[in-house]
Amino acid sequence: MRLSRFSRPPRPRSQLKISSISSLADSTVLPSNSHPVGPATLAESAVKFHYLVLRGYPPLPAIEQTHARILTLGLSGCSFLATHLVKSYAKAGNLSAAKRVFDSVSERSVFLLNAIVRAFSRNGLWKEVVDLYDRMEKENMKPDHYTLPFVIKGFASILDLDGGRKVHDVVRRNGYEGNLHVVTCLIDMYVRFGEIENARRLFEEMRERDVVAWTTMIGAYGQVGNWLEAFSLFRDMRLEGQEPNDVTLLSLISASSFLNFIHGMVIKLGFDTFVVIETALIDSYAKCGDVKSARELFDRMYWKNSVAWSAMICAYSVNGHPCDALFLFRIMILSSNEMLDHIGVLSVLQACSSLGSLLVGRMTHAHILKSGIGSDSIVGTCLIDMYAKCGSVEDAFVSFNSITDKNLVAWSAMIAGYGFHGLGKEALDMFSEMQELGVKPDDVAFLSILSACSHSGLIGEGTKIFKSILQTCSGVVHAKHYACMIDLFARSGKIGEICSLLKELPSIADASIWRGLFYACQVTADCETAEIAARNLYEVVPSDTDYNFILSNLYASCGKWSIVSKIRSDLKQNRARKTPGWSSIELNCKVHTFHSADTSHPEWQSIYKLLEIMFAEPDAL
């Protein structure tokens, strides 16, 4: 568009210069041909002008200048202008100024109340919303149907059920039970407090229901695991002609028994391109153990954000596919610019820990530092655990020192890391340092230090710590602590001490106790005690048959071949198989695992040929 020399482009209200406000205000007079005006008309004109300025949500300096002119003109008590000042200050992020404006008005309208309540609620200041409501009640100011939803959410957020019920009484007295938005907020409040029956009663009494009300009630039954009632409501919703939205479907996706039905509904209603819906489906398939369906859905996604990548990596990690988790992480690094969230990072670190993949672990650490979540104490603790299990206790200690606010979990992880590597002296020093800094150990910390003593053969130190725990913190001692002491004595073949410890056991022995005793008997070749332990172990964990193979070998070493024959015959009849051991090697950030006589690797023939050459001509290498 071509402009003449007498025209100029319009200036947006949001970009109004501060200097222009004063000049406009000074020039705001009536035309010369108008009738003489009084003070009331001039005041109305000033109010209208300042309202027009504030309605455009100018920047903070312009708001402050407009506020100053309102004070100068003596209009600070005008509730109408104060309402728009509160809105403008809140929009600019200055809530303290908005609160001062609200407090300066003596005769407050309900519109001013709604403005300040909305400002607090948008910033999550629910305690301030509730306090403000209590104050208005004392001043006999009646809230309207715009105020009440925010107040109801406030009481729900601060977990004040009694206060929420009082607001419900206010809703009844003022006749707002027919207001859709108010009643929906009441339903949501009762759902948060677990009072599903009260929520359902309100829902049934509603004369009209929108998709939010239906979704709230469906989600309530989903949260308590009552999927039959949730899907019954979903059916009624469809019969009444109400179409579900993406939030409705998200409320139902967690129902594993109806997952295929919900997936079909997602496709039918056209929500299959919503990233949030697709990611939720991936997570649900993973929780059901159907990693294949999760991966098929992941591969069909048009756009994958960091949450989708994290969900798929987590699906592999929690379902026992650490190699696939690391391989997918590598694909993400090479093919996209996405950064994993906390869940994805923790899943990758868990996969590295289970495989002992130090190279990928270090690559993940670099990814964490790049994404800016390296200072998080949870991530830092997982890094300690990963490095310790991957064989680098030095890197674990560096990660420990990088945590600015070390909590008990971080201390326990580092103590356990030293224990993995048989560094009992260092673990004891760190345990002492932790206590000197005022960090009180819990059952996990005690378990870590006892395990460290066990792996290092520090019988005296471990026994001393265990006795001190029994004397000062007997409430935190569980079967696992006794199992740790049994393992400590077992490594030295002290069956007598183990039997004495079993007599002191305050609860019924679990699998860890009997397993520790069984392996102790393996060290000392005590067949009779081993048989007792094996019998009790079978009663506790009948699916674990690995110990029968060891028991067979133990009887064989004692020359009791008739018993050996019977055990092996039973194993053969039950088709029991020993869990195979495996080894791994990391090459180019990829972990290759091998079992004995393994032929599953794609290059197994070349590997075996190379092994033949190595054994035949060791000097040629």
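Structural data are supplied above this passage.
Residues numbered from 1 in each chain as written. Predicted model: local features only at pLDDT ≥ 70, side-chain atom pairs only at ≥ 80, totals over all residues. Heavy atoms only, no water.

J.: Pulling in residues and values, what's your account of the nonpolar core?
T.: Burial of nonpolar side chains together is a common tendency in soluble globular proteins. Judged by nonpolar contacts, the single largest core of 143 residues is most densely connected at Ile187, Met217 and Met312. Here the element with the most residues in this core is helix H28 (residues 479–490); it accounts for nine residues. Ile63, Ile70, Leu113 and Trp126 belong to the second largest nonpolar core, which has 26 residues in total. (Core = buried A, V, L, I, M, F, W, Y, C linked by side-chain atoms within 4.5 Å. Buried < 20%, exposed > 50% of the residue type's maximum accessible area, 1.4 Å probe, protein only. Helix = DSSP H or I, 4+ residues; strand = E, 2+ residues; numbered from the N terminus.)

J.: I'd like a rundown of a positive patch on the surface, residues and numbers included.
T.: The grouping of Lys87, Lys91, Arg118 and Arg122 at the surface amounts to a positive patch. Going through the elements one at a time, helix H4 (79–92) and helix H6 (110–122) are the ones with two or more residues in the positive patch. (Patch = residues over 30% accessible without salt bridge, like charges linked within 9 Å, V, L, I, M, F, W, Y side chains within 5 Å. Areas by Shrake-Rupley, 256 points an atom, 1.4 Å probe, with all protein chains shown as cover. Salt bridge = Lys/Arg side-chain N within 4 Å of Asp/Glu carboxyl O. Lys, Arg positive; Asp, Glu negative; His and termini not counted. Charge placed at Lys NZ, Arg CZ, Asp CG, Glu CD.)

J.: Talk me through the pattern of salt bridges; I want residue IDs and the actual numbers.
T.: For the structure shown, the criterion picks out 21 salt bridges. Arg192 is paired through a salt bridge with Asp188; the nearest N and O atoms lie 3.3 Å apart. Of this pair, Arg192 and Asp188 both sit in helix H10 (residues 180–192), four residues apart, roughly one helical turn. For Asp188, a relative accessible area of 26% puts it in the partly exposed group. The residue Glu243 makes a salt bridge to Arg238 at a minimum N-O spacing of 3.9 Å. It is possible to trace a salt-bridge network through shared partners that takes in Lys99, Asp103, Arg108, Arg135 and Glu139.

J.: Describe a nonpolar patch on the surface, listing the residues and the values that go with them.
T.: On the surface, Tyr608, Leu610, Leu611, Ile613, Met614 and Phe615 cluster together into a nonpolar patch covering about 580 Å² of accessible area. Take Ile613: it is sitting in helix H34 (residues 604–616). On the basis of relative accessible area, Ile613 is assigned to the partly exposed category, the value being 44%.

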